[in-house]
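Inside the fold
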Amino acid sequence: MLLAPDVPMPTTFHPPPFELYVQREFEDPAFMPQWWLLAMDRGDLIGTSSVFQVGDDMKTVGTGLTGVRRDHRRRGLATVLKCQVIRRLQEQGVQRIVTYNEENNPMFQLNLRLGFQPQPAEIDWQKTPPYD
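Below you will find a few notes about this structure. The shown structure was predicted, so the numbers you read here are calculated from the model rather than taken from an experiment. (Residues numbered from 1 in each chain as written. Predicted model: local features only at pLDDT ≥ 70, side-chain atom pairs only at ≥ 80, totals over all residues. Heavy atoms only, no water.)

Turning our attention to helix α2 (residues 77–91). Between the first and last C-alpha of α2 there are 21 Å, a value that for 15 residues agrees with the 21 Å anticipated at 1.5 Å per step. For α2, the full list of buried residues reads Ala 78, Leu 81, Lys 82, Val 85, Ile 86 and Leu 89. Along α2, the residues classed as buried sweep out an arc of 130 degrees about the axis, all on the same side. Facing away from the buried side of α2 by over 90 degrees, the exposed positions are Gln 90 and Glu 91. Among the residues trailing α2, Gly 93 stands out with phi positive, at a value near 90 degrees. (Helix = DSSP H or I, 4+ residues; strand = E, 2+ residues; numbered from the N terminus. Expected span 1.5 Å × (residues − 1). Buried < 20%, exposed > 50% of the residue type's maximum accessible area, 1.4 Å probe, protein only. Arc of directions from axis to C-beta.)

In structure tokens form, the structure reads like this:
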């Protein structure tokens, strides 16, 4: 929850109830805990990089949230986390790694430096009542 408010999104972030967060993140069948990395500093969690399965095989895997607490940023930790995830996935024979982020986010530049290639974007649509 320390990282989520800094993720660019079209609406204001509202933390979900803990149980819902656990269900969405850790109980999702696509979540791959064996490659989830955490960065620690003297017992404090300061960064993370998650991994999720894309499709039915291990040919394509996605990186989820990669981020570092504000008070530990600009030290290269996100780069180290992302590089470690990429290395481990390559060692497992993953052929394609995908990731998602907003283009005005510093992670966009990091992903470019690491060799990710931008793909056509999705547009999210929303309609609020009244439904005419």
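Okay, back to it.
It is worth spelling out the packing of aromatic side chains at this point. Applying the stated criterion to the full structure yields five aromatic pairs. Aromatic side chains Phe 26 and Trp 36 sit 5.2 Å apart centroid to centroid with 45 degrees between the ring planes, which places their arrangement in the tilted category. In this pair, Phe 26 sits in the loop between α1 (18–25) and β1 (37–41) while Trp 36 sits in the loop between α1 and β1, placing the two residues ten residues apart along the sequence. We classify Phe 26 as partly exposed; its relative accessible area is 31%. Of the residues examined, Trp 36 reaches a relative accessible area of 29% and is grouped as partly exposed. Grouping aromatic residues by their ring pairs yields a cluster made of Tyr 21, Phe 26, Phe 31 and Trp 36. Geometry around Phe 116 places Lys 82 over its ring, the cationic atom sitting 5.4 Å from the centre. (Phe/Tyr/Trp six-rings, centres within 6.5 Å; stacked < 30°, edge-to-face > 60°. Lys NZ or Arg CZ within 6 Å of the ring centre and 35° of its normal.)

A few words on the sheet that holds strand β4 (residues 96–99). Pairing in this open sheet of four strands is mixed, and the strands run β1-β2-β3-β4 from one edge to the other. The open sheet terminates on both sides in strands that have one partner only, identified here as β1 and β4. Put simply, the sheet's adjacent strands are angled 20 degrees from each other on average, direction ignored. Where strand β2 (residues 44–53) and strand β3 (residues 60–68) come together, six bridges link them in antiparallel fashion. In the strand pairing of β3, Gln 53 is matched with Val 61. This element, α2, spans β1, β2, β3 and β4 of the sheet and lies at about 160 degrees to β3. (Pairing = 2+ DSSP bridges. Axes fitted to C-alpha atoms, helices over the stretch in contact; angles between N-to-C directions. Contact = heavy atoms within 4.5 Å.)

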